[in-house]
Amino acid sequence: MIKDNIYIEAFVFSPYAVNTYIVGDNKEVMIIDMPATKDDLMLIDKSIGGRTLSRIVYTHGHFDHIQGSDEAREHYKNIPQYIHKKDNIMFTDANENLTGYFGDPITYHSADFMFKGSGETFNIGSIKFEVMHTPGHSNGSVCYYTDGHLFTGDTLFYMGVGRTDFPHGDGNTIKNSIEKIFELPDETLFYPGHEKYGAMLGKRKSLGIM
Ligand SMILES: [Fe+2]
């Protein structure tokens with residue numbers, strides 16, 4: 001859908017029901033998180049339509065969010081992939097991406113570019129996004145923010161927050177991250193890595209942090 005000049009289409013992929021977002025304007029888009037299989041990529045292609053896909057970005061490096069990264073690399077040749085520097089190790093270390101932890105170790109190609117920390121910005125078409133470093137679910141968890149819209153990965157869900165019982169998870173750290181998110185305007189619509197998306201942050205705030 002196009003709303004206030006931003007194009008956002010959501011897909012739910014994989015047995016882990018990961019939300020993948022195609023986001024941008026009428027000319028250019030990015031993909032947020034890539035759990036897609038080859039067949040799923042056809043749906044993404046349809047969503048991209050005549051727009052230019054300029055990058056794939058990740059909210060964090062747990063396997064359920066990156067497991068289509070190599071298929072995407074093959075399908076979208078030369079489209080760079082971005083992740084926060086603290087989660088890049090999850091592409092190349094099966095214990096870090098949790099596939100080893102769950103007993104079926106898999107590694108992937110490293111990201112092409114890494115975000116260094118908070119406050120970096122980039123443009124997709126006419127839309128400017130800010131990278132907010134929001135650790136707690138993982139060290140390199142980030143949210144992508146543009147006026148009115150926030151993509152929260154597994155940091156903030158409509159019902160609850162991301163798990164902090166995996167390696168590098170930390171309850172106090174995620175609490176700090178969510179407090180930072182809650183400073184954004186109440187009217188901001190937010191789009192998590194799983195479950196319900198498109199709700200207002202103000203409504204979520206009223207439910208409390210945890
Ligand atoms: Fe996760």
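Here we summarise the structure given alongside this text. Note that the coordinates shown come from a computational prediction; the quantities given were computed from them, not determined experimentally.

## Examining the overall build of the protein
Item 1. The helix and strand tally for the protein stands at six helices and 13 strands.
Item 2. Along the three orthogonal principal directions, the C-alpha set of the protein runs to about 45 × 40 × 30 Å.
Item 3. For the protein, with 210 residues in total, the buried portion stands at 42%.
Item 4. Excluding contacts between residues fewer than 6 apart, the proportion of contacts in the protein whose partners are at least 24 apart in sequence is 59%.

## Overview of the sheet that holds strand β12 (residues 189-192)
Item 1. Ordered in space as β8-β9-β10-β11-β12-β13, the six strands form an open sheet in which the pairing is mixed. Lying at the two open borders of the sheet, with one neighbouring strand each, are β8 (121-124) and β13 (199-200).
Item 2. In terms of strand pairing, strand β11 (residues 149-153) meets β12 through four bridges, oriented parallel. Across the sheet, residue F151 finds its bridge partner in β12, namely Y191.

## Some words on the nonpolar core
Item 1. The biggest cluster of nonpolar side chains holds 48 residues, and the ones touching the most others in it are V23, M30, I32, C143 and Y144.
Item 2. In this structure, M30 is in contact with V23, G24, S54, R55, I56, V57 and I124, ignoring residues within four places of it in sequence.

## Points about the environment of F13
Item 1. With respect to the element layout, F13 can be found in strand β2 (residues 6-13).
Item 2. For the pair F13 and K175, spaced 162 residues apart in sequence, the C-alpha separation works out to 28 Å.

## With respect to the environment of K205
Item 1. Considering the arrangement of structural elements, one finds K205 in helix α6 (residues 201-206).
Item 2. Exposure remark for K205: the 14 C-beta atoms within 10 Å place this residue in the partly exposed category.
Item 3. Considering only alpha carbons, one finds K205 and G140, 65 residues apart in sequence, at a separation of 23 Å.
Item 4. Once residues within four sequence positions are removed from consideration, K205 is found in contact with F182 and D186.

## What to know about helix α1 (residues 38-48)
Item 1. Of all the positions in α1, only L41, I44 and I48 are classed as buried. For α1, the arc enclosing every buried residue in end-on projection is 55°, short of the 170-degree limit, so these residues lie on one face. Exposed and facing more than 90 degrees away from the buried side of α1 are D39, M42 and K46.
Item 2. Buried residues along α1 sit in contact with β2, β3 (18-24), β4 (28-32), β5 (52-57) and α3 (69-75).

## A look at unusual backbone geometry
The bulk of non-glycine residues show a negative phi, and the bulk of peptide bonds are trans.
Item 1. The backbone of N78 sits at a positive phi, close to 70°, despite the residue not being glycine.
Item 2. Along the chain, N78 falls in the loop between α3 and β6 (81-84).

## Here's the deal with the pairing of β4
Item 1. Counting buried residues in β4 gives four out of five residues, a clear majority hidden from the surface.
Item 2. Where β3 meets β4, four bridges bridge the pair, whose relative direction is antiparallel. Its bridge partner being in β4, G24 is matched across the sheet by V29.
Item 3. Between the antiparallel neighbours β3 and β4 lie three residues.

## With respect to the pairing of β5
Item 1. Summarising the sheet, β4 and β5 pair through five bridges and their orientation is parallel. Residue pairing for β5: V29 is matched across the bridge by L53.
Item 2. The parallel pair β4 and β5, bridged by α1, forms a crossover whose chirality is right-handed.
Item 3. Note that β5 and β6 share two bridges and pair parallel. Considered in β6, the bridge of I56 is made with Q81.

## A look at helix α5 (residues 171-181)
Because each turn of an α-helix spans 3.6 residues, side chains separated by three or four positions in sequence point in the same direction.
Item 1. For α5, the set of buried residues is I174, S177, I178 and I181. Angular distribution of buried residues about the axis of α5 spans 95°; they occupy a single face of the element. Exposed residues pointing more than 90 degrees away from the buried face of α5 are listed as N172 and E179.
Item 2. In the core, the buried residues of α5 are packed alongside β10 (142-146) and β11.

Reading the values: the criteria
- Residues numbered from 1 in each chain as written.
- Predicted model: local features only at pLDDT ≥ 70, side-chain atom pairs only at ≥ 80, totals over all residues.
- Helix = DSSP H or I, 4+ residues; strand = E, 2+ residues; numbered from the N terminus.
- Buried ≥ 20, exposed ≤ 12 C-beta atoms within 10 Å, placed from the backbone.
- Contact = placed C-beta atoms within 7 Å.
- Pairing = 2+ DSSP bridges.
- Core = buried A, V, L, I, M, F, W, Y, C linked by C-beta atoms within 7 Å.
- Arc of directions from axis to C-beta.
- Right-handed = clockwise from strand over helix to strand, strands pointing away.

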